[in-house]
Amino acid sequence: MSSFLSYLITGISLGSVYAIIALGYTMVYGIAKMLNFAHGDVIMVGSYIAFLAVGAMGLPPILAVILAVVVCTTLGITIEKIAYKPLRTASPLAVLITAIGVSYFLQNMALLIFGANTKMFTSLISIDAINIGDGTVVVTGETLVTILACIFIMVCLTLFINKTKAGQAMLAVSEDKGAAELMGINVNGTISLTFAIGSALAAIAGVLLCSAYPTLTPYTGSMPGIKAFVAAVFGGIGSIPGAFIGGILLGVIENMSKAYISSQLSDAIVFSVLIIVLLVKPTGILGKKIHEKV
Amino acid sequence: MKKAVSMMLALALVVGTLAGCGSSAPAESSSEAATESTAEAGATFKIGGIGPITGGAAVYGTAVKNAQEIAVEEINAAGGINGYQIELKFEDDEHDAEKAVNAYNTLKDWGMQVLMGTVTSAPCVAVAEKTHEDNMFQITPSGTSVPCVQYDNAFRVCFSDPNQGSASAIYMGTNKLASKVAVIYDSSDVYSSGIYENFAAEAKNQGIEIVVAESFTADNKTDFTIQLQKAKDSGAELLFLPIYYNEAALILKQADTMGFKPIIFGCDGLDGILAVEDFDKALAEDVMLLTPFAADAEDEATKSFVGKFNEKYNDTPNQFAADAYDAMYIIKAAMEEANCTPDMSVDEIGTAMIEAMKTITVDGLTGAGMTWTADGEVNKAPKAVIIKDGVYKAM
């Protein structure tokens, strides 16, 4: 029972990281109708910035996180302006390929600048582990902070979208770009804002990910990026609560299948779950069915 | 305007990709030692080396490259092989099979006659295909997987994976280290799963019970808490880690966080764990590993080698360095036995040295009286070391 609890808690923590990353995928998809495959690599950039800020510049953890968020936000907006905006009217396939190109570009730049050597990331979270029931269940500070951060981000984001003008503009753009523009909404500005928020979340996810699993390479972001994409589709791409539920479920399923089925097959099981969900409910758990008007 | 921007983007992508490629084979990876003495001797033997100087296994490749340079300097200073000096060139492969084959082609263009390499298993298997085609003599210091030496022309200094797996089980059995053992291995890696299979087979004979055998894959190697939790719950006294040092460093850290403190036993893949950047060496205290070389051994040969290595590279050599150092002396012994000269072709040198390998006996750092079978395997006794206060101690 105690080991089940600890599997569950680490699963939720892993899922929280997926959920934060998945938010970036799902918001960008909802608003710009494109899959930003470079999102995973923005996570990696954020982790390197935090790593350098703490290691080389000696900044306190909180400033390191802020610096990572600022750099990633700038990076996200720059990528959008240079790589995606000129393709706004091009076919979705061209945008997808560009996103993959940007992803490789970021990985190779990181290889060039930081080298291929694995860096040991020192955790930015200095909260002691909590022991429950005489050390049978250990909840690390990283796990706790990750889960709390995820909930906090979800609440803030929901409030932002429902209560602010910019959030309402996002909703409008996601529903109908043309109509939103006619109503006087700055569509390009809204899309840039979406990328900014997504990339800022990616920076936070990167710091949390590398604090919990302390290795850092130029490929650190790619697998969590893909898993988070799965989580976004699983929960219903375009839906913010969907990304949250999808992320948490995916993390728990991954850990449970590692624990009770096979540690070797856990990835295969995760992706099978995606296939099954899509077969049964093609729009994902919370995805909206879009009625095509004739 | 839009067109101009997208052109620029395309250009940026191309430049980025090229730059990425460029960085993968840095120029400093090739080194030439003792070239100054080549002019007077006229003809020289051209010996190549391949291994990871960058990337996840860089610790191994760097050790091999450095030790190879020391051995070549010694041999050249003592008059070379059959009176001819050695010229050396080392290429980086980043522990990647494709890049290793590229490195091999580069060295062949340079005029390599004998290959000492490659350092890690997967690239070694790929390069062995090429040396077999050319009948080039190849000796790997540390390529442990079985197919590394599947052809006549390839030999090795270290034990093969099967030998490491069964040797680990025998070592645990004879020294009564534990009766309940948990294993965490990399199922996507031929080295790791090869050791595990042979360990499992031999463990039965040694009265060792494998209570948990967990695996991970290359795509999923950052979170080991589940595997460790299962090992902890199973009551294992010893955790066997037939994996490479990067993952092992993470496992040690995560095990420490969850308060799991078994005896840790690994194979040569753990060698290098003390060199991981920002790794807390206290976590590796009392870790045991099967390795043919301990830098604190008291014999003359080891002392002299460790002294030179320290002086030149300000570092303590690991077993990979010792394997590479031995490999160069094995090449020397075989070339002398076969009466090779630099004007012979790659094929002629290869054929002559293959015959010579069956008859020579070499006393090296990694074992006394090493001999070789026709299928390329070495005969020598297994040894283990333990980490105390951040250094290896012979057991």
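Residues numbered from 1 in each chain as written. Chains lettered and ligands numbered in written order. Predicted model: local features only at pLDDT ≥ 70, side-chain atom pairs only at ≥ 80, totals over all residues.

**Focus on the overall build of chain B**
- Secondary structure assignment for chain B yields 12 helices and 15 strands.
- The proportion of buried residues among the 395 residues of chain B is 54%.
- Of all intrachain contacts in chain B linking residues separated by at least 6 positions in sequence, the fraction that spans at least 24 positions is 70%. (Helix = DSSP H or I, 4+ residues; strand = E, 2+ residues; numbered from the N terminus. Buried ≥ 20, exposed ≤ 12 C-beta atoms within 10 Å, placed from the backbone. Contact = placed C-beta atoms within 7 Å.)

**Examining the overall build of chain A**
- Of regular secondary structure, chain A possesses 11 helices and 4 strands.
- Relative to the compact-globule value of 19 Å for 294 residues, chain A shows a C-alpha radius of gyration of 19 Å, a close match.
- With respect to the three principal axes, the spread of C-alpha positions in chain A is 60 × 45 × 35 Å.
- Evaluated residue by residue, chain A yields a buried proportion of 53% over its 294 residues.
- Of all intrachain contacts in chain A linking residues separated by at least 6 positions in sequence, the fraction that spans at least 24 positions is 74%. (Rg over C-alpha atoms; globule rule 2.2 N^0.38 Å.)

**Looking at the environment of Phe114 of chain A**
Residues and elements named next belong to chain A.
- Position of Phe114 relative to the elements: it lies in helix 4 (residues 92–114).
- By the C-beta count within 10 Å, which is 16 here, Phe114 ends up partly exposed.
- Put simply, Phe114 and Thr217 are 103 residues apart on the chain and 8.5 Å apart in space, counted from C-alpha to C-alpha.
- If sequence neighbours within four positions are ignored, Phe114 has contacts with Tyr48 and Pro218.

**Thoughts on the sheet that holds strand 13 (residues 378–379) of chain B**
Residues and elements named next belong to chain B.
- Read from one edge to the other, the open sheet built from 3 strands follows the order 11-12-13, with strand pairing classed as antiparallel. Where the open sheet ends on each side, the last strands, each with one partner, are strand 11 (362–364) and strand 13.
- In the sheet, strand 11 pairs with strand 12 (residues 367–372) via 2 bridges, with the strands oriented antiparallel. Note on strand 12: the bridge partner recorded for Val362 is Met370. (Pairing = 2+ DSSP bridges.)

**Side note on the sheet that holds strand 10 (residues 288–290) of chain B**
Residues and elements named next belong to chain B.
- Strand order in this open sheet of 7 strands is 7-6-8-9-10-14-15, and the pairing throughout is mixed. Whereas interior strands pair on both sides, the edge strands pair on one side only; in this sheet they are strand 7 (209–216) and strand 15 (391–394). The average angle at which neighbouring strand axes cross in this sheet is 25°, direction not considered.
- Taken together, the 3 bridges between strand 6 (residues 180–186) and strand 8 (residues 238–241) define a ladder with parallel strand orientation. Counted as the bridge partner of Val181 is Leu238 from strand 8. (Axes fitted to C-alpha atoms, helices over the stretch in contact; angles between N-to-C directions.)

**What about the interface of chain B and chain A?**
- Contact residues are listed per partner, giving 40 residues for chain B and 37 residues for chain A.
- Contributions of two or more residues to the side of chain B that touches chain A are made by helix 1 (2–24), strand 7, helix 8 (225–233) and helix 9 (245–257) of chain B.
- Top contributing element to the side of chain B that touches chain A by residue count: helix 1 of chain B, with 10 residues.
- A breakdown of the residues in the side of chain B that touches chain A according to their chemical character gives 11 nonpolar, 19 polar and 10 charged. (Nonpolar A, V, L, I, M, F, W, Y, C, P; charged D, E, K, R; others polar.)

**Notes on helix 6 (residues 165–175) of chain A**
All names here are of chain A.
- Of the positions making up helix 6, those classed as buried are Ala169, Met170 and Val173. With its buried residues spanning 105° around the axis, helix 6 presents them on a single face.
- Contacts from the buried residues of helix 6 go to helix 1 (2–32), helix 5 (141–163), helix 7 (177–182) and helix 8 (187–212). (Arc of directions from axis to C-beta.)

**Examining the pairing of strand 8 of chain B**
Residue and element names in this part refer to chain B.
- In strand 8, alternate side chains face the same way, and those of Leu238 and Phe240 on one face and Leu239 and Leu241 on the other are all buried.
- With 4 bridges joining them, strand 8 and strand 9 (residues 263–266) adopt parallel strand pairing. Paired with Leu241 across the strands is Gly266, a residue of strand 9.
- Each parallel crossover has a hand, and the one from strand 8 via helix 9 to strand 9 is right-handed. (Right-handed = clockwise from strand over helix to strand, strands pointing away.)

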